[in-house]
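Inside the fold
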Amino acid sequence: MVRKVLAVLAALLVLLPVPLQGPAAAAPAAPRVTYDHHSLMIDGRRVVVQAAELHYFRLPSPGLWRDVLEKIRAGGFNAVSVYFDWAYHSPKPGVYDFTGVRDVDRFLRTAERAGLYVVARPGPYINAETTGGGFPGWLKNVPGRGRSSDAGFTRAYRDWLHHINPIIAGHQVGRGGSVILYNAENEYAANTDAAYMQDIQDQARADGIDVPITTNDCCDAADWTSTWATGPGAVQIPGVDDYPQSFDCGNAETVWGPWGEGITERLRDDAPVFAAEYQAGAIDLDNAGYDRCRDLTGPAYMKYFYKSNLMVSGATLFNYYMGFGGTNWGFLAQPNDVYTSYDYGAAVNEARQPTAKFDEFKRQGYFLQAVAPLAKTDPATAPATDNPAIGVVARANPDTGTRFALVRHADRAAATTDAATLSWTVPDGTYALPVQVRGRDAHVLVGAYDLGGQRLAASSSEIMTHAYVGGRDVAVLYGTTGSPGATILRYSAKPQVKVLEGDVRWAFAGGDLRLDYTHRGLARVLVTGGGRRPLLLLLGTDETAATFWRAGTDAAPVLVRGTSLVRSAAVEGGAVRLTADTAQAGEVEVFADARASRLRLAGSAGDKGNTDDTDVRVARTPSGSLLGRVPGPREAARLPALTGWRVHDEAPEAAPGFDDSPWRTADTTTTESPMKPKTGPVLYADDYGFHYGDVWYRGRFTATGAETAVALNAITGRRGRYLVWLDGRYLGSAAGGTQADVDAANPDPGPGRFTVPAGLLKPGRTATLAVLVQNMGHNDDWTADDNRFKQPRGLVAASVEGSPATVAWKIQGARGGEDLTDPVRGPLNTGGLYGERTGWHLPGYPDRSWKEVAAPAARPLAPGVTWYRTEFGLDLPGGQDVSVGLRFGGAVPAGSRTLIYLNGWNVGQYGGDIGPQKEFVLPAGLLREHGRNTLALAVTSTAATAGGPGPIGLFAYGAVRGGVPVPDVPGPSYPLAH
């Protein structure tokens, strides 16, 4: 993630491929991955890499990894970029977990099987809006500055790398896997600590990493070029982060490139241009909702900026952040910019539903994969235009002579509709092409291209894909609805042309077959003879192009029109077998081997031999394709109403007689935090091993009867609060301090002064002060210069006004890093509420003694913590993928926070102080789709209210026939070992 990116200019020089030098014992005989000025090469084949960022840790259901990865592949991507979150795997120093939902070996295998390359990003710092930027909470107690060569930090990060690197190394392309790049650190500012950057790379090489090492530069690209180009710390392929559209989701209609042109510049002459993080969504700083962020970064933005980046700088390595955002479940999120949902306005939304952005990625991604000359281009003379409002940028492949022209408005801010005629001189001749740019659109046109067995001289339609299918070339070209189109093909003799569908005019002269048309619907033209093999041209619009899917088989590719998704295809014994999703019954058309005359729709598993396959009745069309109708979901998902609620008040810690003898005594006098406490002792939660979620404090002092107020100060991260009781009497709450308050200039980050009620305290008696602090995750360390991830959590200062007595403190939080009782769900799942510590969130907890309540909203809330529990059964239709969510009706409560537990997994935080979110994904695997489910809510309220949250109900984000099988994710039930 970045806030702003400054680009730099560098000369364009073509150098020889650069081989990698890995450890002699571990490296393959010859490097599988090389690179030069233009592109990455895998076994000598140039590749344009289009990666989608996704994070396994934001989808804690390994069965769903396959679903999302297959969707990414179907959406035109050939790679994924993956952060590996140190905090997610390490509950305490020297302890690592790579099992269950943390099984990254399984994730990498799944990516390989989905046919995706991997860009591995293990940090050690990742940012990604995760708690601590990926640093584990225990690291706050390690001496030394983070992201530096300080000894304490060095020992810690090396231990992490030596655990994660061998897993990544085992999945490199040279060892049968698909990892092609290794990203060192994240947005690390040049000149900060070159030795640290160099050491990360040295550790990677020592651990067997032999693919090129990259990094993603933020905001100071010039420093990389001038300072770290060849010296210590320099990586082989430096990349740049670009977020030109900002994060102003609340004004999505009017925002257009406020953060620059969005052109990724070349940082090294011997390496390709790498858009290491290119904006494909936004964090929701405005609390506008992620659908608005999707509007901010929608298809119009994607067309203009992505195609400009491709054509202006000749970038051939792309990573789009995010392809799938997922969920900040548990206490995964950092506190400042995000809430539970990390949907990010991505192409595949949090509920795993493809969006209109997915269609645009597919159009562009299929093009990048089909047209190989794009992997090596240089600037070229642009076609002339008769309308100055239309701007054109051109590139050419120096080996094949293939030409590319980017057509867009000359004024980046223009949003009008303008037409022009291009005069384009290519090796085949000079051609006049009609073009039209509607609004902030952009088109990449291709000329002088060997399209399979054809020669495409020029076209004003964009190429989506083409393939040799059934003894002929099949090409899908498209343009904006209503715009003029022209395509010129070269033949040695006059071919036969048959317009099978649509209004297409044609003429042949001087070896050129010219087709003229208007982009509308789907036109079909069959061309035979003329000295070339047959060609079927499919001329469509953006919308019709989006209905096409391409899937590889053991022989020729298969093109499919229709269905909601195509995961894979095979030709078996005269039948085409599609593994596909369908949201509704509808037409399907398949272009495949001419010998295939039957169509089968695979069951949800998509495995051979699945008895759930469906035979689809088809007929041969004049286009030579198979046409039929596929079924939709067999039945609607029946989701039960949530009834049978039980309720129990919590917070026994507030009572004077509560037994806190097992709690930690808070008597530490020193801390590694850069923010020192105002009063002793140190009360920071992390100093006592409590790193995530709520923390309780209990302080005792001898009262004098003259006490007037309790003065507290706490730092919680943005949106955090703390609640205060004195001898069981609730005194009130206050907001905790936030990230900016780490500076010494603000000595009072989260002050609260609470009046002591007259007569409450009796002279000579022991008084008990109880404080519940709601911590909201650890700060990131984005600037790498102030150790701000070590900003404390919990009480900063505490005193009792009017009393000279010393307060003796005890502290209790989650049983986490030092005493982890639930290693399956991990340390980020629960905090230190009484109910969390004693299993009220778990399936099987004996709640029959709890009071019955019609619904959480039906019972008034007192200040403090209240728990609700219910169970519901599901038996979702087999062979279907139903994405289920939990919806809170009514206004978002401003004075309460609700932790949502599904079968013991913390799937969300709801409340007005958290964000605008009212719907929460219940991911399959955590959700028992065929069985009983336990839903538990922990509601912390700062004031009395008329009722708890709600109304609350289940709903479906979407349902399709198909999907993938998702096994239940195991998790312990009550009781856990305490």
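Just above, that's the structure.
My aim in this report is to walk through the structure given alongside it, one point at a time. (Residues numbered from 1 in each chain as written. Predicted model: local features only at pLDDT ≥ 70, side-chain atom pairs only at ≥ 80, totals over all residues. Heavy atoms only, no water.)

Overview of the overall build of the chain
The helix and strand inventory of the chain stands at 11 helices and 54 strands. Radius of gyration (C-alpha) of the chain: 30 Å, near the 30 Å computed for a compact globule of 978 residues. Structurally, the chain occupies a C-alpha span of about 110 × 65 × 55 Å along its principal axes. Among the 978 residues that make up the chain, the fraction classed as buried is 64%. (Helix = DSSP H or I, 4+ residues; strand = E, 2+ residues; numbered from the N terminus. Rg over C-alpha atoms; globule rule 2.2 N^0.38 Å. Buried < 20%, exposed > 50% of the residue type's maximum accessible area, 1.4 Å probe, protein only.)

Here we look at the sheet that holds strand β13 (residues 384-385)
Read from one edge of the open sheet, 3 strands run β13-β16-β17, paired in antiparallel fashion. Where the open sheet ends on each side, the last strands, each with one partner, are β13 and β17 (429-438). (Pairing = 2+ DSSP bridges.)

Here we look at the pairing of strand β49 (residues 880-888)
Most of β49 is tucked away, with 8 of its 9 residues classed as buried. Both β49 and strand β54 (residues 952-961) contribute to a ladder of 9 bridges, which runs antiparallel. If you follow R887 over to β54, its bridge partner there is G953. Strand direction decides the pairing type here: β49 and strand β52 (residues 919-922), joined by 4 bridges, are antiparallel. Across the sheet, L886 pairs through a bridge with F920, a residue of β52.

Observations concerning helix α9 (residues 356-370)
Between the first and last C-alpha of α9 there are 22 Å, a value that for 15 residues agrees with the 21 Å anticipated at 1.5 Å per step. Of all 15 residues in α9, 12 are buried, a share of seventy percent or more. Looking only at α9, the buried set comprises K357, F358, E360, F361, K362, R363, Q364, G365, Y366, F367, L368 and A370. (Expected span 1.5 Å × (residues − 1).)

With respect to the packing of helix α3 (residues 104-113) against helix α4 (residues 151-169)
How two helices sit against one another is set out by the angle between their axes and by the gap between those axes. Where α3 meets α4, the closest approach of the two axes is 10 Å, and the angle between their N-to-C directions is 25 degrees. With respect to α4, the element α3 is oriented roughly parallel. Here α3 runs over α4; the crossing is right-handed. Where α3 approaches α4, its residues V104, D105 and L108 are matched on the opposing element by I164, I167 and I168. The residue makeup of the contact of α3 with α4, split by class, is 5 nonpolar, no polar and 1 charged. (Axes fitted to C-alpha atoms, helices over the stretch in contact; angles between N-to-C directions. Parallel < 35°, antiparallel > 145°, perpendicular 65-115°, else oblique. Left-handed = near helix turned anticlockwise from the far one by under 90°. Contact = heavy atoms within 4.5 Å. Nonpolar A, V, L, I, M, F, W, Y, C, P; charged D, E, K, R; others polar.)

Examining the state of the cysteines
Counted under the stated rule, the structure contains 1 disulfide. Between the sulfur atoms of C249 and its disulfide partner C293 the distance amounts to 2.1 Å. Its S-S torsion of approximately 105 degrees makes the covalent link between C249 and C293 right-handed. Within this pair, whereas C249 is found in the loop between β9 (237-242) and β10 (274-279), its partner C293 is found in helix α7 (residues 290-296), the two being separated by 44 residues in sequence. For C249, a relative accessible area of 0% corresponds to the buried category. (Disulfide = S-S within 2.5 Å.)

A few points about the packing of aromatic side chains
A full pass over the atoms with the stated rule returns 59 aromatic pairs. On the numbers, 5.1 Å between centres and 50 degrees between planes, the contact of F153 with Y157 is tilted. In this pair, F153 and Y157 both sit in helix α4, 4 residues apart, roughly one turn of the helix. By relative accessible area, Y157 is classed as buried at 1%. Summarising the aromatic geometry, the rings of W840 and Y845 are spaced 6.2 Å apart at their centres and angled 50 degrees between planes, so their arrangement reads as tilted. On the basis of relative accessibility, which here comes to 6%, the residue W840 falls in the buried class. Here Y845 falls in the buried class, since its relative accessible area comes to 15%. Across the ring face of W549, the terminal group of K362 is positioned such that the distance to the ring centre comes to 3.2 Å. (Phe/Tyr/Trp six-rings, centres within 6.5 Å; stacked < 30°, edge-to-face > 60°. Lys NZ or Arg CZ within 6 Å of the ring centre and 35° of its normal.)

A short note on the environment of D473
With respect to the helices, strands and loops of the structure, D473 is situated in strand β21 (residues 472-479). Residues D473 and L451, spaced 22 residues apart in sequence, show a C-alpha to C-alpha distance of 8.2 Å. In terms of polar contacts, D473 uses its side chain to reach the backbone amide nitrogen of G453, at 3.0 Å. (Polar contact = N/O pair within 3.5 Å; in protein donor to acceptor, adjacent residues only side chain to side chain.)

Here's the deal with the side chain of E277
Summarising the element assignment, E277 is placed in strand β10. Separated by 2.8 Å, the side chains of E277 and Y83 make a polar contact.

Some points on unusual backbone geometry
Geometrically, the link from G123 to P124 is a cis peptide bond, its omega value of 20 degrees lying close to zero. You can see P124 is positioned in the loop between β6 (117-121) and α4. Cis rather than trans, the peptide bond between G680 and P681 has omega equal to -5 degrees. With respect to the element layout, P681 can be found in the loop between β38 (664-665) and β39 (695-702).

A closer look at the sheet that holds strand β2 (residues 40-42)
The antiparallel open sheet is built from 3 strands, whose spatial order is β1-β2-β3. The open sheet has two edge strands, β1 (33-35) and β3 (45-47), and neither has a second partner. Going across the sheet, the axis of each strand differs from the next one's by a mean of 40 degrees, ignoring polarity. Looking at chain direction, β1 and β2 are connected through 3 bridges and run antiparallel.

So, the nonpolar core
F84, W86, F367 and L578 are the most contacted members of the largest nonpolar core, which totals 236 residues. Among the elements that take part in this core, α4 stands out by supplying 9 residues, more than any other. With sequence-adjacent residues up to four places away left out, F367 is seen in contact with L310, L374, F404, V444, V446, I463 and M464. (Core = buried A, V, L, I, M, F, W, Y, C linked by side-chain atoms within 4.5 Å.)

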